[in-house]
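Architecture at a glance
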Amino acid sequence: MPRPSVREQLVEAAAECFEERGFNAIGVQEITRAAGVPKGSFYNHFVSKEALALEVMRRYGTARRMEMLEDGTLAPAARLRAHFRFLADDLERFRFSRGCLFGNFGAELSTQSDEVRGQVDAALGQWAVSVAAVLREARADGTLKGALDPEPLAGFLVNAWEGAALRAKVTRDGRPMDDFFALFDSLFVPAGDGADG
C-alpha cells in the first residue's frame, strides 16, 4: 500500500489537532510533529496554518455526508432525522468532547480570519439550503406540521444543531442532543399516522 503524501499527512494530523484543541492552541510545529514530517515541509504544501485550516474544513464538510439529504429511498422526515442522527453519533463517538468543527472555528476565528468566517458561513448556509429542500418535500407530502416556512425553519434547525453541539461539548453528555431530537420530532406527523394525522 503506498505511503500517504506529506500533504495528506499534514491535513489528517491538523484535523485531529484542530478538533481536539482548536486552531489557536496548535502551532505548525505541533502539526508537523503529529504528522511525522519535517517542519520545513509544511510550507511546501500550505502558505499558512489558516490555508491548512480551510482545507481541513472543506474535508470536514464532505465527511458530514450531506448527500444523505438527497436519498430518495427514505421519506423526507426520516431522511432528515437520519442525517442529524449520523451527526449525533459522530459527536458521541468522541464523548461529545469535540463539537462541530464549523461551530468551533466559527466561534474561535470569526473575528480573526475573514476567509475562515466566510467558509464557515458558506458551509452552514449550504447546509440550511439542503435541509430546506427536504423540509419542502415534507411539506408537500403532508408530514411537516404547522405553517412554518421551510427556509427559516431550516436555518433554525441548523442553528439549533450548532447550539446543541456546543452545549454537548460543554456538558460532555448527550442531553442537548436529546432536547434537539425532541423538538425535531415534534415538527413532523409521526410515522404511520399519515398526512392527515
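You'll find the structure just up there.
Reading guide: rules and limits
Residues numbered from 1 in each chain as written. Predicted model: local features only at pLDDT ≥ 70, side-chain atom pairs only at ≥ 80, totals over all residues. Heavy atoms only, no water. Helix = DSSP H or I, 4+ residues; strand = E, 2+ residues; numbered from the N terminus. Salt bridge = Lys/Arg side-chain N within 4 Å of Asp/Glu carboxyl O. Buried < 20%, exposed > 50% of the residue type's maximum accessible area, 1.4 Å probe, protein only. Core = buried A, V, L, I, M, F, W, Y, C linked by side-chain atoms within 4.5 Å. Contact = heavy atoms within 4.5 Å.

**Some details on the environment of Pro 38**
- Along the chain, Pro 38 turns up in the loop between helix H2 (28-35) and helix H3 (49-63).
- Taking the C-alpha atoms as reference points, Pro 38 and Ile 26, separated by 12 residues in sequence, lie 16 Å from one another.

**Some details on the pattern of salt bridges**
- In total, this model carries 15 salt bridges according to the counting rule given.
- Among the salt bridges present, the one from Arg 59 reaches Glu 8, with a minimum N-O distance of 2.7 Å. Highlighted residues: Arg 59 in helix H3 and Glu 8 in helix H1 (residues 6-21), separated in sequence by 51 residues.
- With a relative accessible area of 25%, Arg 59 lands in the partly exposed category.
- Through salt bridges with shared partners, a single ionic network connects Arg 7, Glu 8, Glu 55, Arg 58 and Arg 59.

**Concerning the nonpolar core**
- One finds Leu 80, Phe 84, Phe 105, Val 131, Leu 157 and Trp 161 to be the most contacted residues of the largest nonpolar core, which totals 58 residues.
- For this core, the secondary-structure elements that each account for two or more residues are H1, H2, H3, helix H4 (76-93), helix H5 (101-109), helix H6 (114-140), helix H7 (150-171) and helix H8 (175-186).
- Broken down by element, the residue count for this core peaks at 9 residues, all from H6.
- Setting aside residues up to four positions removed in sequence, Leu 80 forms contacts with Leu 69, Val 131, Val 134, Leu 135, Leu 157, Phe 184 and Phe 188.

Interpretation in functional terms is not warranted from these geometric data alone.
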